[in-house]
Amino acid sequence: MINPEKVRYINDKLIVLERANISSENPPVHVINSNNMKYQFSLGQIGFGPGEISDANNVDYGIADNSISVYSSIDKKISEFSLEDRGKLALSQLKQVGDFYKAYSVLRFSDTTFFSING
């Protein structure tokens with residue numbers, strides 16, 4: 001971890017998000033086993049291409065049982081990552097349109113439908 005900013009407890013894991021100003025060579029999301037406090041793996045590739053995220057501004061439960069949704073505030077995307085697959089790219093992404101800025105407590109109902117408190 002380079003410059004951690006936020007921590008969230010999801011599915012017996014601590015999900016640690018890096019600040020937006022880290023190098024694009026470093027992963028923005030880290031997964032730690034909360035039972036033994038051992039680092040498990042990292043998620044995410046910084047960028048603007050398919051499956052990449054611009055930053056990791058917020059994290060919440062994903063649509064699948066063992067997944068997380070990471071909100072990227074720079075490009076207004078919600079990206080789903082598996083907590084079982086150590087891939088760097090998101091499994092799915094939802095790009096927000098219009099004046100919508102930031103999502104809190106996102107609950108995804110399908111690939112294109114979600115409910116949240118927003119800013």
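The notes below deal with the structure included here. (Residues numbered from 1 in each chain as written. Predicted model: local features only at pLDDT ≥ 70, side-chain atom pairs only at ≥ 80, totals over all residues. Heavy atoms only, no water.)

1. Comments concerning the nonpolar core
Among the nonpolar cores identified, the biggest contains 15 residues, and Ile 15, Val 29, Leu 43, Val 59, Ile 68, Val 70 and Phe 81 are the most heavily contacted of them. At the level of secondary structure, the elements contributing two or more residues to this core comprise β2 (13-18), β3 (29-33), β4 (38-43) and β6 (67-72). Excluding its chain neighbours within four sequence positions, the residues that come into contact with Val 70 are Val 29, Ile 53, Asp 55, Ala 56, Asn 58, Val 59, Lys 77, Ile 78, Ser 79 and Phe 81. (Core = buried A, V, L, I, M, F, W, Y, C linked by side-chain atoms within 4.5 Å. Buried < 20%, exposed > 50% of the residue type's maximum accessible area, 1.4 Å probe, protein only. Helix = DSSP H or I, 4+ residues; strand = E, 2+ residues; numbered from the N terminus. Contact = heavy atoms within 4.5 Å.)

2. A look at the pairing of strand β1 (residues 4-10)
Bridge count for β1 against β2 is six bridges, and the pairing is antiparallel. Bridged to Lys 6 within β2 is Leu 17. Connecting the antiparallel pair β1 and β2 is a turn made up of two residues, with Asn 11 showing a positive phi of about 50°. (Pairing = 2+ DSSP bridges.)

3. Examining the side chain of Ser 79
Locating Ser 79 in the fold gives a position in strand β7 (residues 77-82). The exposure class assigned to Ser 79 is buried, which follows from its relative accessible area of 0%. A polar contact is formed between the side chain of Ser 79 and the side chain of Gln 93, at a distance of 3.0 Å. If we ignore the near neighbours within four places in the chain, the residues touching Ser 79 are Ile 53, Ile 68, Ser 69, Val 70, Ala 90, Ser 92 and Gln 93. (Polar contact = N/O pair within 3.5 Å; in protein donor to acceptor, adjacent residues only side chain to side chain.)

4. Brief notes about the sheet that holds strand β5 (residues 58-61)
Backbone-to-backbone hydrogen bonds join strands into a sheet, with any given pair of strands oriented parallel or antiparallel. Strand order in the open sheet formed by four strands is β5-β6-β7-β8, with antiparallel pairing between adjacent strands. Each edge of the sheet is formed by a strand with only one pairing partner; in this case those strands are β5 and β8 (92-95). Neighbour-to-neighbour, the strand axes of this sheet turn through a mean angle of 20°, independent of strand direction. Across six bridges, the pairing between β6 and β7 is antiparallel. Directly across from Tyr 71, in β7, lies its bridge partner Ile 78. (Axes fitted to C-alpha atoms, helices over the stretch in contact; angles between N-to-C directions.)

5. What to know about the pattern of salt bridges
Per the stated rule, a full pass over the model turns up three salt bridges. Residues Glu 5 and Arg 19 are paired through a salt bridge, measuring 3.3 Å at the closest nitrogen-oxygen approach. A residue pair is termed long-range when its members are at least 10 positions apart, and Glu 5 in strand β1 and Arg 19 in the loop between β2 and β3 qualify at 14 residues. Asp 75 is paired through a salt bridge with Lys 77; the nearest N and O atoms lie 3.6 Å apart. Across the pair, Lys 77 and Asp 75 agree in class, each one buried. (Salt bridge = Lys/Arg side-chain N within 4 Å of Asp/Glu carboxyl O.)

6. Quick look at the pairing of β2
Burial analysis of β2 places six of its six residues in the buried class, the great majority of the element. The alternating pattern of β2 places Lys 13, Ile 15 and Leu 17 on one face and Leu 14, Val 16 and Glu 18 on the opposite face, and all of these are buried. Bridge analysis of β2 against β3 gives five bridges, and the strand direction is antiparallel. The residue of β3 that forms the bridge with Ile 15 is Val 31.

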